[in-house]
Every structure is written in C-alpha cells, then in structure tokens.
Amino acid sequence: MIKNIFILSAFCFSTIVSLGQKKFAQLDIELPTPNEYRNASGGPGHNYYQQKADYKIQLTLDDEKQRIYGEEIITYTNNSPDHLEYLWLQLDQNIFEGNSDARMISVDKMENFKSLKDVKRKLFEFDGGFKVELVQSTSGQNLKYYINKTMMRIDPEKPLGPKQSISFKIKWWYNVNNRDFIGGRSGMEYFPEEDNYLYTIAQFFPRMCVYNDVEGWQNKQFLGRGEFNLPFGDYHVSITVPEDHIVGATGELQNANNVLTEKQRNRLKQAVSSDVPVMIVTQAEAEEVEKTKSKKTKTWVFKATNVRDFAFASSRKFIWDAMGVKIGGKSILAMSYYPKEGNPLWEQYSTKLVAHTLQVYSKHTIDYPYPVAISVHSKQIGMEYPMISFNGGRPAEDGTYSKETKYGMWGVIIHEVGHNFFPMIINSDERQWSWMDEGLNTFMQYITEQAWERNYPSRRGPAHLITDYMRGDPKFISPIMTNSESIFQFGNNAYGKPATALNILRETIMGRELFDHAFKIYCERWKFKHPTPADFFRTMEDASAVDLDWFWRGWFYTTEYVDISLDDVKHFQMNTANPEVEKALVNNQPYVQENYISNLRNQKGIEKTINEKDATIDDYYAKRDYQKIDALDKAEYKRVQEKLNAEDLALLNSNKQFYELKFSNLGGLVSPIIVQAKFEDGSHQDIYIPAEIWRMDDVTLSKVFVFDQKVTSFRLDPYLETADCDLDNNSWPAVVQPTRFQLFNQQKMNENPMQRQKRVEELEKKGE
Ligand SMILES: [Zn+2]
C-alpha cells in the first residue's frame, strides 16, 4: 500500500508540474522577439518597411502553338535599410521542366496506375519552363543573372542601396501546360469537339521575391505545394490575343473602345449600376463566336494598382456577365467568364456569389479595395489571384448536376474570391505558412456560406466536423505550424483545423464581439502588408484581453485533440440537523442489503428464523426504532437553531443539491468545459468553465456544482462547440444512440438526383 501511494504521488507531481503548467506557459521561446519592424502588440513596428515591385508587361498569347511570349520592365524599389548585392525572382513555370525538383521528388506507386490515361500522364513529354531570352538594364546593357531551378538571381552593377530603385528588362517565352495531362494552377483546357482552348493564365512572368525583416529574400524553391510570396506593386499589362477572344484579368480594362463592341460597352455600363447580373456576352453570342477562328489579333490593356500579382483568362468560348456591388461608398464590378459547358450553374450563380462574398468579407475584415472581382470557370481547379480567380464546378453534359457539384461550385467560388483578402491583400507568406491564408480564408468562407443559405452544409468550420481528423492516426497529423511542403493531410491541416480553431475562438473562448473586433484589427493592421503568425497571435490577444497563448500552443503547435470525459458524478445533500427530516431518512435495519441475492431467496427459502420463532431472542438493539425522535434529539436541534442566524438556518433548510463531477482530459488538448445540467422539472442550465481550470492539472480534476433541484442528467459540450472527439464519454447517465443499418443498396450508380427526377417524370407520363 505504501509503495502504491508513493508511485501515485510521484506521478501526480510530474504531471502537474511538467504538463499542466507547460500548457498555460506564455509563448516566449516560440515567437520571435518583437522589434522595430513588428511590435509586441502584433502590429507593424515603427520602422516597418516593405519593398515595391512595379511591372510593365507586354504579352502575346499564341493560340496555335499554345505559347506565351512576354517582355517586362520591372522597377524594384528598395525600402529596406539594407544594401542588396543581388535580387531574386521567381520562375514558377520551371516546375514544368522535365527534371524539376517538383517532378523528381513526387512519389508514386504502381497501384495508382489504373488506366491508359495514368500511363500516358506518366510518359507525357512536355517542354515546359521559362525560356529566358534576355535580361538587360533599361539602357540595353546585359545584366548578369543565374537561374537556380525555380529562382533567378540578378546581379545589379552595384548594390541597390536603401531608398534606391532599379529598372530592368526581361524577355521570355514558354509553352502553356494542358491541365488534363500535367495539372497546374495555371494552364489551358482543350475542347476537342470545336478544337478550341480556354486559357487561365498565371505565374506567367518572372516575379520578384519578397525581401523583408523576417526572411531576408524568401527564395525557398517552388516545389508545387507551398504557394507564393510576392511584394505589392503597380501593373500595366498589354495582352495580345486572337481577335475573337474575350479577356478577363486583374485590374481595370484601359482600352474598352478598341476591344469591345459598342453593344458590349453599353451593357457593361448598365451592369455597373445593376444589382443583378447583366449579360455582356450571351451564351448565344459566345456559341456563334466559337464556331470560327480569327487569324487577326487584338491587344487588351489592363492597369492594376497596389496588387501582389497578375493573372488573366482568355478564350473565344467566353460568356460574360457582370453586376455592381456597393462597398464603402464605392461601386465594384463583380463579373464571371465561363464557357457554355458551365451552364446552367454558372449563369445562375457565379456573379451573385462573387458579390455576396465581397460583401460578407468586407463586413468582417476590410472593405474590398479593388475595382473588379472576377470568377472564371475552369474545369476542376480552384485558384486565386488579385481580382480574379479560376473556379471549377461543371454540370454533366445533359445540363443536370449533383448536389455535390452545386455546393462544390458555390464553395470554391466563395473560397477563391475570398482569397482576395487572404493572402492577396493581407499578404502572408504562403510558401512558408499555408494556414495563414487557407485557414483564415476557410474560416471566412464558412461565415459567408452560412449567410448565403440557411443551414448551408459547410464542409469546414464547425467544431464537430474536425474530430475524425484530430483523433486520427497520429503518424499522419502535423501541427498547424508546419511548413507547407511537409504537411500531412493538407486539406484538414491547412484549411479545416485552423478554420475550426478560429470558429472555436469566436463562438466559445472569446465570444463573437471580442473575436470580431480583434480579427478586424488584424486585417486593418496588415492590409497591403506582410504579416507573420506571431503578428496574428499577438493581435488577437492584445486587442481582446483574452490570454490565448495556451490556445495557440495547443491548437497550432501540437497534434493533441480535445476529449474531455465525464468520469463520475456524485450527489450530495446537506444534513439539516433537524431530527424530523434526518431521522425519516434513516433505515430501521441499516445493515441489511435488500437486493442481495441470498436475502431475496431467503425471504421464501427460510420459512422462519429463530428470532421469529423464539420471542426471547430480540434485545434492545433488535427492537430499536431508528426513526423515533426522542427528547434528547429535540433538545440538541434546539441548541443548533439557537446558534444559527436566520440566513444560515434558511441555507441549511434550502434543500440545495450538490454534485461532484470528475473530469479527465483524455485527448491532451486543454479546452473549456461546458456542462449542461437537466433537472427534474425539464429545465436545464448551461455552465461555461474556461480552459484555465486545467492550469494546475491537465489530466484529471473535479468540481462541485450546486443546484436548487435534482439533476436528471449531465452532458458535456451540448452544442458541439469544442471539437470534443468522443461524445460517448460526455453524458451521465450514458446515452445510447441507435444506428440504422442498411440491407439493400437503393442508389443507382452514376446518376445524379436531377437525372433520377427525369426518369420519375417519364414514368409518371406513362401513367405508372
Ligand atoms: Zn485556398
């Protein structure tokens, strides 16, 4: 026994000191020391700086060879206090070179080769990557440069000093990738029936890397997943395409008179003040255009101010619609470009979704600052750029579509348009931290979806939807604070978990008012700047007066999960000292175990015991009436009453019900405890206990609750808000949920419900 006690106390000591207190320790070592560039409250410091990169680009899209030819003049301004001996640029197209790191490090297995298409894809030879033809100063001198895979270093003649600018010219071309064969965020889709192409083009020009106080040059190679980190600047882009193409791009069209018909210009004017989409190019008009191919070209000119990137889409297949959205006293053009293959879904929903997304995000973050926002239909992907995004969601060929396709299309448009805010404006480093844009954006996507349709079946955001992932195989879970390239289960980890964490902060730990205020402050502080995780963590805490270090530590730096178990409930009532009350509760035969099996059987099995047969056997103890109140009992109670004042006496007789609940933290992640008590009269009470209850011991604890009436049941996390991974240990008494199991498979494969409805209507027509 002594040994056991010793072991037990040693165990308690180690858990209390090393775990409980560690979980609530402040994030000191984990976060960088605040400095003049980034302050301790999470805002830009008094010497915060950022670089500027302005681009003047001339581009030709060769529709016959599916090639892009480009020439750019980059003007790079050094606002840092440093002398830059070299400049780094990103050559993202180079991941399509045959021996690129992205290709060489991709792992595959023979079991994944399931069709000829898979084999073809493996063998597919593609001459991808930038062919850089020239790097020159604006006066025509060749500049020294070196290409290291997806990065290019340019050496200026002398180091670029603080507050100095340099302009230089680059000329290049590259083959546009077919997404069907080799994927890619940028690329083209081929429509064999009409021999037509639809281009959604991005990462098409050598782009400046970010240089800042955090990373120096952020020149981590592009391996395919960790996205981009780009400085802000102004863009002037001329795009020459076949004359019959329609082009949508980042920025404002500068030469509508040259590229649009009078009819199109008038419709566009009408759209600015319309709160429903106006067709600029109708489906009938687009179908007419896609029948022939013009040999002539046209040049579309766009200008964009204070953006971190530029993308565009071009095709003769485009249907085009637009509407006006009023935000912060400004009118923004929400627009969509899509081929007939996107209809009927796209004409009905795309532009309205763009407008709705801008409005909801603007309310929760910052007012959308750009003049246009565009959604372009692209078969499978979802990809974001400033003012423009490429989004999937294609109906079946007969124009029907499944519910999944509809919600998939809605979700991806909200998500990609939402990326305008994170990371296009609140410009975090995607190459390093996927969660900073994907997580924050997915959180806002959830809020936007719920404001679009009541009870929208959002995939990510609600706490209870993340539990399967969080309690999954620990080998395949990474902390949120993991570099983009090394994350297991990218969707759950970079999108789902951080979005859920923010939802839990908003609904449970901070409350909507404090959260919304702090979140908006973060967005205002870091719009058109480069925030880091520490800036986010610090701002959310600093603006709310809620200590969140334990939350960031648990949710962002570990893979622990929430599982709080209600292990035990004990019920107590106060002894009133009143013999009238207390004696009535006393059993006359206190040592008899009524339900003991022998007792039950002996009632009949023993006909008569000795004391039942022989009256001389029973003495005082056998005959004593334990419930009888005698003079001494009364005198003692009187003495108690005299000692107590009226208030104490009332409390003693209040019939309060005491419950001692024992909890254990099985998942490791500390969390608030939310207890719901249901009472005999059918009412209930919810009690919220902050996570700090675990600060001394994060393994087990008990707490006493006092109620005016008896509790019929307790339930933890009754509103599913904490991501508790095992609900079976949350109830007292335990609750059993029946599951219906299916014996017959009633679904016909490969048929969506709209197609089924067609069959129903056919049957009904036949009178069956
Ligand atoms: Zn995203």
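Shown above is the structure to which this text applies.
Residues numbered from 1 in each chain as written. Predicted model: local features only at pLDDT ≥ 70, side-chain atom pairs only at ≥ 80, totals over all residues. Heavy atoms only, no water.

S.K.: Help me out: how do you make sense of the overall build of the protein in this one?
M.R.: What the protein contains, in helices and strands, is 23 helices and 30 strands. A compact globule built from 768 residues would reach a C-alpha radius of gyration of about 27 Å, whereas the protein, at 35 Å, exceeds it by more than 25%. Expressed along its principal axes, the backbone C-alpha trace of the protein runs to roughly 125 × 80 × 55 Å. Counting all 768 residues of the protein, 50% fall into the buried class. (Helix = DSSP H or I, 4+ residues; strand = E, 2+ residues; numbered from the N terminus. Rg over C-alpha atoms; globule rule 2.2 N^0.38 Å. Buried < 20%, exposed > 50% of the residue type's maximum accessible area, 1.4 Å probe, protein only.)

S.K.: Sorry, what's going on with the packing of helix α11 (residues 434-452) against helix α13 (residues 490-509) here?
M.R.: The relative placement of two packed helices is expressed as an angle between their axes plus a distance between the axes. Taken N-terminus to C-terminus, the directions of α11 and α13 make an angle of 55°; their axes are 8 Å apart at the nearest point. With respect to each other, α11 and α13 are oriented oblique. Crossing hand, α11 versus α13: right-handed. Each of S434, W435, E438, G439, L440, T442, F443, Y446 and I447 in α11 lies in contact with α13, whose residues at this interface are F490, A494, Y495, P498, A499, L502, N503 and R506. (Axes fitted to C-alpha atoms, helices over the stretch in contact; angles between N-to-C directions. Parallel < 35°, antiparallel > 145°, perpendicular 65-115°, else oblique. Left-handed = near helix turned anticlockwise from the far one by under 90°. Contact = heavy atoms within 4.5 Å.)

S.K.: Is there a simple way to explain the pairing of strand β23 (residues 388-391) in this structure?
M.R.: For a regular strand, the rule is simple: side chains alternate between the two faces of the sheet. A two-sided burial pattern is seen for β23, the buried positions comprising I388 and F390 on one face and S389 and N391 on the other. Sheet topology note: the strand β21 (residues 372-377)/β23 ladder contains four bridges and is parallel. When the bridges of β23 are listed, I374 appears paired with I388. Here strand β22 (residues 382-385) pairs with β23 via four bridges, running antiparallel. Across the sheet, G382 pairs through a bridge with N391, a residue of β23. Adjacent in sequence and paired antiparallel, β22 and β23 are bridged by two residues, among which M387 carries a positive phi angle near 70°. (Pairing = 2+ DSSP bridges.)

S.K.: Hey, could you run me through the pairing of β21 in this one?
M.R.: The element β21 is extensively covered by neighbouring structure, given that six of its six residues are classed as buried. Residues of β21 alternate between two faces, with V372, I374 and V376 on one and A373, S375 and H377 on the opposite face, all of them buried. When strand β20 (residues 330-338) meets β21, the two strands line up parallel, connected through five bridges. From the neighbouring strand, S336 faces β21, where its bridge partner is S375. Taken together, β20, helix α8 (residues 345-364) and β21 form a β-α-β motif whose crossover is left-handed. (Right-handed = clockwise from strand over helix to strand, strands pointing away.)

S.K.: So what exactly am I meant to see when it comes to the packing of aromatic side chains here?
M.R.: Each aromatic ring pair is specified by the distance between its two centres and by the angle formed by the two planes. Considering all chains together, one arrives at 61 aromatic pairs under this definition. Note on W435 and F537: the rings are 5.7 Å apart at their centroids and 10° apart in plane angle, and the pair reads as stacked. Here the residue W435 occupies a position in helix α11, and F537 occupies one in helix α15 (residues 533-542), the gap between them amounting to 102 residues. Overall, F537 belongs to the buried group, its relative accessible area being 2%. Pairing F551 with W555 gives two aromatic rings, centres 5.7 Å apart and planes at 25°, and the pair type is stacked. Taken together, the residues F551 and W555, both in helix α16 (residues 549-557) and four residues apart, mark about one turn of the helix. For F551, a relative accessible area of 0% gives the class buried. (Phe/Tyr/Trp six-rings, centres within 6.5 Å; stacked < 30°, edge-to-face > 60°.)

S.K.: Honestly, α8 in this entry has me stumped. Any pointers?
M.R.: Because an α-helix packs 3.6 residues into every turn, residues spaced three or four apart end up facing the same way. Counted at 1.5 Å a residue, the expected span for α8 with its 20 residues is 28 Å, and the 28 Å between its end C-alpha atoms agrees. Counted residue by residue, α8 has 15 buried out of 20 residues, so it is predominantly covered. (Expected span 1.5 Å × (residues − 1).)

S.K.: So what exactly am I meant to see when it comes to the nonpolar core here?
M.R.: Across soluble globular proteins, nonpolar side chains have a tendency to be buried as a group. With 192 residues, the main nonpolar core has F519, F536 and F663 as its most contacted residues. For this core, the leading source of residues is α8, giving nine residues. (Core = buried A, V, L, I, M, F, W, Y, C linked by side-chain atoms within 4.5 Å.)

S.K.: Just checking my understanding: could you explain the pattern of salt bridges for this structure?
M.R.: Where charged atoms of side chains with opposite charge meet at close range, the side chains can pair. Under the defined criterion, the tally for this structure stands at 39 salt bridges. K317 is the partner of E341 in a salt bridge, and the nearest nitrogen-oxygen pair spans 3.2 Å. Pair noted here: E341 is in the loop between β20 and α8 and K317 is in the loop between β18 (312-315) and β19 (319-327), with a separation of 24 residues, a long-range link. Under the relative-accessibility criterion, K317 is labelled buried at 0%. (Salt bridge = Lys/Arg side-chain N within 4 Å of Asp/Glu carboxyl O.)

S.K.: Explain a nonpolar patch on the surface to me, please; I cannot follow it from the model alone.
M.R.: On the surface, a cluster of nonpolar side chains totalling about 320 Å² of accessible area is made up of L116, V119 and L123. As for its placement among the helices and strands, L123 is situated in helix α3 (residues 116-123). With relative accessibility at 60%, the residue L123 sits in the exposed group. (Patch = residues over 30% accessible without salt bridge, like charges linked within 9 Å, V, L, I, M, F, W, Y side chains within 5 Å. Areas by Shrake-Rupley, 256 points an atom, 1.4 Å probe, with all protein chains shown as cover.)

S.K.: Explain the coordination of the zinc ion here, please?
M.R.: Note on metal sites: the ideal angle is 109.5 degrees for four tetrahedral donors, and 90 or 180 degrees for six octahedral donors. Around the zinc ion, the protein contributes the donor atoms H415 (NE2), H419 (NE2), E438 (OE) and E438 (OE), which lie 1.9 to 2.7 Å from the metal centre. One can describe the site at the zinc ion as irregular: its four donor atoms subtend angles covering 53 to 153° at the metal. If you list the donors of the zinc ion from N- to C-terminus, the spacing comes out as H-x3-H-x18-E. With H419 in the loop between α9 (403-418) and α10 (420-425) and E438 in helix α11, the pair connects residues that are 19 residues apart, well separated along the chain. Comparing H419 with E438, the two get one shared label, buried. (Donors = N, O, S within 2.8 Å, 3.2 Å for Na, K, Ca; no water. Tetrahedral: all angles 85-135°; square planar, octahedral: opposite > 155°, others 65-115°.)

S.K.: Sorry, what's going on with unusual backbone geometry here?
M.R.: In terms of backbone geometry, most residues other than glycine have negative phi values and most peptide bonds are trans. Note that the residue after F422, namely P423, is joined by a cis bond; omega there is 15°. Along the chain, P423 turns up in helix α10. Look at the link from W732 to P733: it is a cis peptide, with omega at -5°. Within the element layout of this structure, P733 appears in the loop between β30 (731-732) and α23 (753-765). Positive phi, normally seen in glycine, also occurs at A545, with a value near 60°. Considering the arrangement of structural elements, one finds A545 in the loop between α15 and α16.

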